[in-house]
Amino acid sequence: AFFLLSQFPVMRLTKPTLFTNIPVTCEEKDLPGDLFNQLMRDDPSTVNGAEILMLGEMNIFLGETFSSYISVHNDSSQVVKDILVKAHLTTLSHHCLVCAVSYTTQGGEKMYFRKFFKFQVLKPLDVKTKFYNAESDLSSVTDEVFLEAQIQNITTSPMFMEKVSLEPSIMYNVAELNSVNQAGECVTTFGSRAYLQPMDTRQYLYCLKPKKEFAEKAGIIKGVTVIGKLDIVWKTNLGERGRLQTSQLQRMAPGYGDVRLSLEAIPDTVNLEEPFRITCKITNCSSERTMDLVLEMCNTNSIHWCGISGRQLGKLHPSSSLCLALTLLSSVQGLQSISGLRLTDTFLKRTYEYDDIAQVCVVSSTIKVES
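Keep in mind the model is a prediction, meaning the values are calculated, not measured.

Participant: Break down the nonpolar core for me, citing the residues and quoting the values.
Facilitator: Counting residues in hydrophobic clusters, the biggest one holds 31 residues, and the most contacted among them are I278, I282, W305, L326 and L341. Non-local contacts of I282, meaning those with residues more than four positions away in its chain, are made with V259, R260, L261, L293, L313, L316, S320, S321, L322, L324 and L343. Among the nonpolar cores identified, the runner-up in size contains 21 residues, and V164, L166, L196 and I227 belong to it.

Right under this line is the structure:
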């Protein structure tokens, strides 16, 4: 005899939702005055803030917990026993709940069948990222990286953003820039309302700095493209929690070539036609090639270098650096760009040009410059 448990429905378990009336409001200067608002406040079916918190339909979103109720019904006229139900989710090409049932008939025959339930999973968030290589007064390119993450709520209901953090790769330390210190207390930059309305976007900012053991190895940091991944935790409606992690975020490696020149020290303001000093740091970013460098200093319309141009700096080994003090003056007032440095590798006969490496404010000598 063959018995089939033909009715095998799967129902999703949904959490209760709040009943909200459609808000009817008006301005105080209108004829009803505050009447509509007072009626809403007195209505026991409303809660504080219901006029702005619209609860949407119960959809299945990526990253949230999926709860279901499986019902097995015996359509035959015979008794079956040893019923075992197993279920698992597959997410290869599409989301599918696979339910398997095994049982034993009265005659002792082992029976088994499976059913597949496909369903659509919606994306709750739209995440966009942008990378910025840090720029400062001391160097046009530094090892710091800024990450801007734009997170948009694309569901139909408000979303409470519980946590948005960046898990950096092994070579970086991360600092969150999404709060400020006010009177000794850390206050979020997003204000008192922590929830994100439907289709609203929030921007998060992070600063990544190389760890000390890697920062000293310029050749390694130069080729690093993997930054880390975002970990996002949120709650919807009555506290249903969701969590998503992005894949490893990657950026374009900074293109400062085999030789990197940065400024370690430079004054903010200098006097017109008076010499001032800057300190440069030259780094061999190559991991295997020693360089023999020659420094040339080319004057511009406003910047004039003091010293001997074309001097030998000597050999610079792979991933090593040297600091160099230079003297220059400006013949033009205002904000002037420091340019005109040239480094030539005599081994390869290759010249590296460095212009607009920093800016300095030049004032009249009658104005006293604070040290």
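Read on for the rest.
Participant: Break down the sheet that holds strand β6 (residues 125-133) for me, with residues and values.
Facilitator: Adjacent strands of a sheet form backbone hydrogen bonds with each other and so pair up, either parallel or antiparallel. Sheet architecture is open: 4 strands sit in the order β6-β7-β13-β9, paired in antiparallel fashion. Only two strands of the sheet have a single neighbouring strand rather than two, namely β6 and β9 (172-176). Averaged over all adjacent pairs, the angle separating strand axes in this sheet is 25°, with direction ignored. When β6 meets strand β7 (residues 145-153), the two strands line up antiparallel, connected through 9 bridges. Counted as the bridge partner of D126 is Q152 from β7.

Participant: Pulling in residues and values, what's your account of the pairing of strand β13 (residues 201-210)?
Facilitator: In terms of strand pairing, β7 meets β13 through 8 bridges, oriented antiparallel. Counterpart to E148 in the pairing with β13 is L205.

Participant: Can you tell me about the sheet that holds strand β27 (residues 358-363), naming the residues and giving the values?
Facilitator: Sheet architecture is open: 3 strands sit in the order β18-β27-β24, paired in mixed fashion. The open sheet has two edge strands, β18 (269-271) and β24 (334-338), and neither has a second partner. Ignoring strand direction, the axes of neighbouring strands in this sheet form an average angle of 40°. Examined bridge by bridge, β24 and β27 share 5 bridges and lie antiparallel to one another. Looking at the pairing, I338 lines up with A358 of β27.

The rules behind each value
- Residues numbered from 1 in each chain as written.
- Predicted model: local features only at pLDDT ≥ 70, side-chain atom pairs only at ≥ 80, totals over all residues.
- Heavy atoms only, no water.
- Core = buried A, V, L, I, M, F, W, Y, C linked by side-chain atoms within 4.5 Å.
- Buried < 20%, exposed > 50% of the residue type's maximum accessible area, 1.4 Å probe, protein only.
- Contact = heavy atoms within 4.5 Å.
- Pairing = 2+ DSSP bridges.
- Helix = DSSP H or I, 4+ residues; strand = E, 2+ residues; numbered from the N terminus.
- Axes fitted to C-alpha atoms, helices over the stretch in contact; angles between N-to-C directions.

Nothing here speaks to function; it is all geometry.
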